[in-house]
Amino acid sequence: MSAQPDSAPGIFSTIGAVFRQNRTPCLVLNTIAVALVVSYYQVPALAGFWESLAAFKTRWSFGFSCASTMFAAALLPTAIQFFMGTLEQQGRGKRLLLLMLFWGYRGMEIDLFYHLQTWLFGGGHDAATLLKKVLVDQFVMSPVWFVPTYIIALRWVELGGSWARTRPTLDREFWTRTCPTVLITNWLVWIPALALVYSLPPALQFPLFSVVMCFFTLIITVMTKRGKA
């Protein structure tokens, strides 16, 4: 019998296709993250830069996380699409505003979660601490909260901020196919990146997350110039 749309073979086929399309961003963003972490621990000449960045993040706290995520996930891709001529004309101002609102909030939420992880497991970068943080991040919070709310929010944005239009799309296929597909693809991309993020001191974890997300958004936006999502 052929696989149903929400069957395991169908889901993994979709995941395979998505990962093949995004393997380059996955490789590039983790290479960037590795280079930044290595520069922190192995390049004394950059110690002043890292100390200044940590102090700046500590001073501005959630203001930093709000602004940096808003830039990386809303302003940057919108600007690139505008200059490439791929930004839709209709409702683009409202769409940008909604994206900024969501990502500004999500940035602060992720920053708060990093603080919670430090409170629970400490600020060490030993293997046991990193494993605990990555497992809680990707196998508890992501399936329960981060991934479903992320997909729902983006649908809400694309439907003009209308909950009445968004709610009917949250059907059986959404929960049995879309969410699992995005979740597993998310694991393939972000598990190695987050291991690197959590290897830094708490004050530098969100700045590294912001840099990785900025490059990831940049690459994905350029790759989708021809409409291949």
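What comes next is a walk through the structure. (Residues numbered from 1 in each chain as written. Predicted model: local features only at pLDDT ≥ 70, side-chain atom pairs only at ≥ 80, totals over all residues. Heavy atoms only, no water.)

1. Looking at the packing of aromatic side chains
Right, on to step 1. If you walk through the whole model with that rule in mind, you get 17 aromatic pairs.
Right, on to step 2. Ring centres of Phe56 and Phe64 lie 5.9 Å apart, and the angle between their planes is 80°; this geometry places the pair in the edge-to-face category.
Right, on to step 3. With a relative accessible area of 43%, Phe56 lands in the partly exposed category.
Right, on to step 4. With a centroid separation of 5.5 Å and 80° between ring planes, the pair formed by Phe113 and Phe146 is classed as edge-to-face. Linking Phe113 in helix H3 (residues 92–121) with Phe146 in helix H4 (residues 127–158), this pair joins segments that are 33 residues apart in sequence. For the pair Phe113 and Phe146, one class covers both residues: buried. (Phe/Tyr/Trp six-rings, centres within 6.5 Å; stacked < 30°, edge-to-face > 60°. Buried < 20%, exposed > 50% of the residue type's maximum accessible area, 1.4 Å probe, protein only. Helix = DSSP H or I, 4+ residues; strand = E, 2+ residues; numbered from the N terminus.)

2. Let's talk about the packing of H4 against helix H6 (residues 172–197)
Right, on to step 1. In the contact formed by H4 and H6, the axes pass within 9 Å of each other and the chain directions differ by 135°. Between H4 and H6, the angle is such that the two are oblique. With respect to the hand of their crossing, H4 and H6 are arranged in right-handed fashion.
Right, on to step 2. The class makeup of the residues in the contact of H4 with H6 is 19 nonpolar, four polar and two charged. (Axes fitted to C-alpha atoms, helices over the stretch in contact; angles between N-to-C directions. Parallel < 35°, antiparallel > 145°, perpendicular 65-115°, else oblique. Left-handed = near helix turned anticlockwise from the far one by under 90°. Nonpolar A, V, L, I, M, F, W, Y, C, P; charged D, E, K, R; others polar.)

3. Topic: the packing of helix H2 (residues 47–84) against H3
Right, on to step 1. Direction vectors running N to C along H2 and H3 enclose 145°, while the axes themselves pass 8 Å from each other. Crossing geometry of H2 relative to H3 is assigned as right-handed.
Right, on to step 2. Grouping the amino acids of the contact of H2 with H3 by side-chain chemistry returns 13 nonpolar, eight polar and four charged.

4. Looking at the pattern of salt bridges
Right, on to step 1. In this structure the tally under the stated criterion is three salt bridges.
Right, on to step 2. Between Glu158 and Arg95 there is a salt bridge, with the nearest N and O atoms lying 2.7 Å from each other. Taken together, the residues Glu158 in helix H4 and Arg95 in helix H3 connect sequence positions 63 residues apart.
Right, on to step 3. Owing to a relative accessible area of 25%, Arg95 belongs among the partly exposed residues under this scheme. (Salt bridge = Lys/Arg side-chain N within 4 Å of Asp/Glu carboxyl O.)

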